[in-house]
Amino acid sequence: MSTILETIASPADVKKLTMPQLETLAEEIRERLILSVSKTGGHIGPNLGVVELTIAMHYVFDTPADSFVFDVSHQAYVHKLLTGREKQIGTIRQPGGLNGFMLRTESVHDSYGAGHAGTAISAALGMAVARDLAGGREHIVALAGDAALTNGISYEALNNVAASTKRLIVVLNDNAWSIDRNVGAIASYLHKVVTHPSYVSLHDKAADLLERFGGKAVRHVAHKAEEAAKGLLGPSMIFEEFGLSYYGPLDGHDLPLLIETFKFLKQQNKPVLLHVITQKGKGFQPALEKQKKFHGLGPYDPATGETKAVGQKTYSEIFAETLVKLADKEKKLVAITAAMPNGTALDLYRPKHADRYFDVGIAEEHAVIFAAGMATKGYRPFCAIYSTFLQRAFDPVVHDVCLQNLPVVFCMDRGGLSGDDGPTHHGLFDISYLRGIPNILHMDPKDEDELADMMYTALLHPGPSAIRYPRGIGPGVKVKDFPVALEVGKAEVIYESKGDGSDVAIFGLGALLPQATELAGMLEKDGLSAAVINPRFVKPLDKALIERYAKQVGLIVTFEDHVLMGGFGSAVLELLSELGIDVPVVRIGWPDEFIDHGKVEALREKHGLTAAAAFKKAQPYLAGIAKKHLAVR
Ligand SMILES: Cc1ncc(C[n+]2csc(CCOP(=O)(O)OP(=O)(O)O)c2C)c(N)n1
């Protein structure tokens, strides 16, 4: 017998269901998600929290004519299930399968793509204003989590809503969690609202009244909420001050109430904000018990929630352990995260130096400027921000940190291809966006121990520095008890064949050093000599070493886990041009396109980030080098 879920080919099918069928659908979706995500990995907790909300939205609104804009869009799996992608849900985050976020290219129902937080209200407002200009009547609904309100862009958008449109629906999905517990004044404020007696009684009454009076009850509750919002009953309502009419807080798992409320809000001729309370991980005990872990994770046992232990320490863990050691020694060291204590592993640092740990919320710009402020007072801030999220803070890095030459250290986790999360999360641009900024050091370690050394080097450096390191585990080398400082701007020669290396110089930056070594082996088999170099520093480059090799070899090869444009290889080319040295350079890195989600190895293969691909690209130049050998002999 087929399930109700299997009969949903599009949102039109959701609208045909009775209330009991909708309730059954919610159960089926939970079961399906728990099982399916247990195999693929993904954002299970957030999605279990929005099952009823998403069903109600699709019941009342009409995508793709109406638009849903989800903040981050990691909670869009339910939406995917209801918009014709039920059969593919088992492919989510898998190579060639569904993306883990909303993608405009994946479905007409995905009106806006995302992966970074804080964009939903701005984008939805843009759509609403475009609709108004075009004389349209469709509905625009933004769905933002409570953590989106720790992000500045959300307020920039709210600041413009009332002046820009009369019709916009913002749904605030409040589960009190970011990935970690939500932080800051707004989290306390929302907590005050949802626990205030007048709102709580409204909330309780709502379901009751709905049962007795149907849709009219919503109007009554809405009216009461308005009174409360005006401060008559409870805390004053910040959203009203922004010019949005506030409704709520409602139980985000009460389907009939949500449906009636959306029907009511749909008719409003003013921007509205609906505050719903949901439970992240609802229906899956392990997710309720371990909120952080089940925000997003790899495969797990669907019965127990158990995951396989990873034997080797990740780069993030080495980073956090090293930071503890450095903070033991340097009392002015402080650690800053923008809502990512788990992902960056600062969770391990926090208990050791709680007074020198700051989670500022999803606020990368603020994190960097806050760090700059601390640095002016003699503190040594380490900002642990993923490469992809530091993009948000480009101007603060330039204007606040580098221009004032302040000793802030950017530890960019996920520097390189991030894999399953896809293009919104790949850290492939940081070399190009940072290396043009004066004063900053840019480092990329070959292994875990070198990461620790680079962190120490950065701590001793009197100006700004950035260190990028890959997601997950590295080669697994032993990390020294205490790091040593590296000489700034000095590369490391790893290997020279037959003590010579005069034919080809191969630079393997960071994670791609093994490919450089492999290429050297391939060249040697062809009778050529090669040198393998670990650049360590993208900025400053080791000019003397590059010049020396460039004058002696017939070919330079550069490998980097970064886009080619503006990357390490480009920096080498610029230097050679400045030096007036004419030597061919084969550059290996990511092409000028956004790279899909998938397995790192497979994507490297596909896009030619391998020793074999480099060997092939080098062929036209190798012939010339071989001829030179013959002539010499
Ligand atoms: C700019 C940016 N910084 C950090 C992140 C990492 N991140 C992904 S989801 C998330 C928390 C989202 O919390 P919330 O919006 O409340 O939704 P919930 O998962 O609780 O449903 C964070 C910090 C991000 N996606 N974008």
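Everything quoted here is computed from the prediction, not taken from an experiment.

The rules we used
- For every chain, the first residue of the written sequence is number 1, and numbering continues from 1 along that sequence.
- Local features in this predicted model are restricted to residues of pLDDT 70 or higher, and side-chain atom pairs are both shown and tallied only at a pLDDT of 80 or more, whereas totals for entire chains, interfaces and linings draw on every residue.
- Side-chain measures here rest on the full set of heavy atoms in the structure, leaving out hydrogens and waters.
- Secondary structure elements are taken from DSSP: a helix is a run of H or I of four residues or more, a strand is a run of E of two residues or more, and numbering for both begins at the N terminus.
- The cut-offs for exposure are 20% and 50% of the maximum accessible area for each residue type, with area from a 1.4 Å probe on protein chains only; residues under the lower value are buried, those over the upper are exposed, and the others partly exposed.
- Residues are treated as being in contact if the distance between any of their heavy atoms lies within 4.5 Å.
- Accessibility throughout is a Shrake-Rupley quantity obtained with a 1.4 Å probe, and a residue counts as covered only by protein chains that appear here.
- The span expected for a helix works out to 1.5 Å for each residue beyond the first.
- Near residues are defined by distance, with any heavy atom within 4 Å of the molecule or strand qualifying the residue.
- For this analysis, a polar contact is any N or O atom pair within 3.5 Å, provided that within protein one partner can donate a hydrogen and the other can accept it, and provided that sequence-adjacent residues contribute only side-chain to side-chain pairs.
- Whether two aromatic rings pair depends on their centres lying within 6.5 Å, for rings of Phe, Tyr and Trp, where Trp uses its six-membered ring; planes under 30 degrees apart make the pair stacked, over 60 edge-to-face, and the rest tilted.

**A short note on the overall build of the protein**
Right, on to step 1. Assigned secondary structure in the protein consists of 25 helices and 17 strands.
Right, on to step 2. Looking at the 633 residues of the protein, the share that counts as buried comes to 59%.
Right, on to step 3. Within the protein, contacts between residues separated by at least 24 positions form 76% of all contacts whose residues are at least 6 apart in sequence.
Right, on to step 4. Carbon and sulfur atoms make up 55% of the accessible area of the protein, which amounts to about 24700 Å² in all.

**Brief notes about helix H21 (residues 513-525)**
Right, on to step 1. Compared with an ideal rise of 1.5 Å per residue, which puts 13 residues at 18 Å, H21 spans 19 Å between its outermost C-alpha atoms and is within 8% of the ideal.
Right, on to step 2. Gly 527 lies just past H21 and shows a positive phi near 80°.

**A closer look at the site of the ligand**
Right, on to step 1. Inspection of the region around the ligand gives 23 residues, with His 74, Gly 115, Ala 117, Trp 177 and Glu 364 positioned closest.
Right, on to step 2. Contacts to the ligand include Ala 117, whose backbone N or O atom sits 2.8 Å from a nitrogen atom.
Right, on to step 3. Here an oxygen atom of the ligand and a side-chain polar atom of Asp 146 are 3.3 Å apart.
Right, on to step 4. The fraction of the free accessible surface of the ligand (590 Å²) that becomes covered by protein chains is 98%.

**Overview of unusual backbone geometry**
Right, on to step 1. Put simply, Thr 63 and Pro 64 share a cis peptide bond, and its omega is 5°.
Right, on to step 2. Examined against the element boundaries, Pro 64 turns out to sit in the loop between helix H4 (51-60) and strand S1 (67-70).
Right, on to step 3. With an omega of -5°, the peptide bond between Gly 248 and Pro 249 qualifies as cis.
Right, on to step 4. In the Ramachandran plot, Ala 176 falls in the positive-phi region, its phi being about 70° despite a non-glycine side chain.
Right, on to step 5. Relative to the helices and strands, Ala 176 resides in the loop between strand S3 (169-174) and helix H8 (185-195).
Right, on to step 6. Although it is not a glycine, Arg 536 sits at a positive phi angle of roughly 60°.
Right, on to step 7. Positionally, Arg 536 belongs in the loop between strand S14 (530-534) and strand S15 (537-539).

**What to know about the packing of aromatic side chains**
Right, on to step 1. Counted according to the given criterion, the structure contains 17 aromatic pairs.
Right, on to step 2. Ring centres of Phe 61 and Phe 262 lie 5.6 Å apart, and the angle between their planes is 70°; on these two criteria the pair is classed as edge-to-face. Within this pair, whereas Phe 61 is found in the loop between H4 and S1, its partner Phe 262 is found in helix H12 (residues 255-266), the two being separated by 201 residues in sequence. No difference in accessibility class separates Phe 61 from Phe 262, as the two residues are buried.
Right, on to step 3. Cluster of aromatic residues (ring-pair linked, three or more members): Phe 61, Phe 68, Phe 70 and Phe 262.

**Comments concerning the environment of Asn 160**
Right, on to step 1. Counting through the fold element by element, Asn 160 comes out in helix H7 (residues 152-164).
Right, on to step 2. Looking at Asn 160, the relative accessible area reads 40%, which means it is partly exposed.
Right, on to step 3. Sequence-wise, Asn 160 and Phe 319 are 159 residues apart; in three dimensions their C-alpha atoms are separated by 40 Å.

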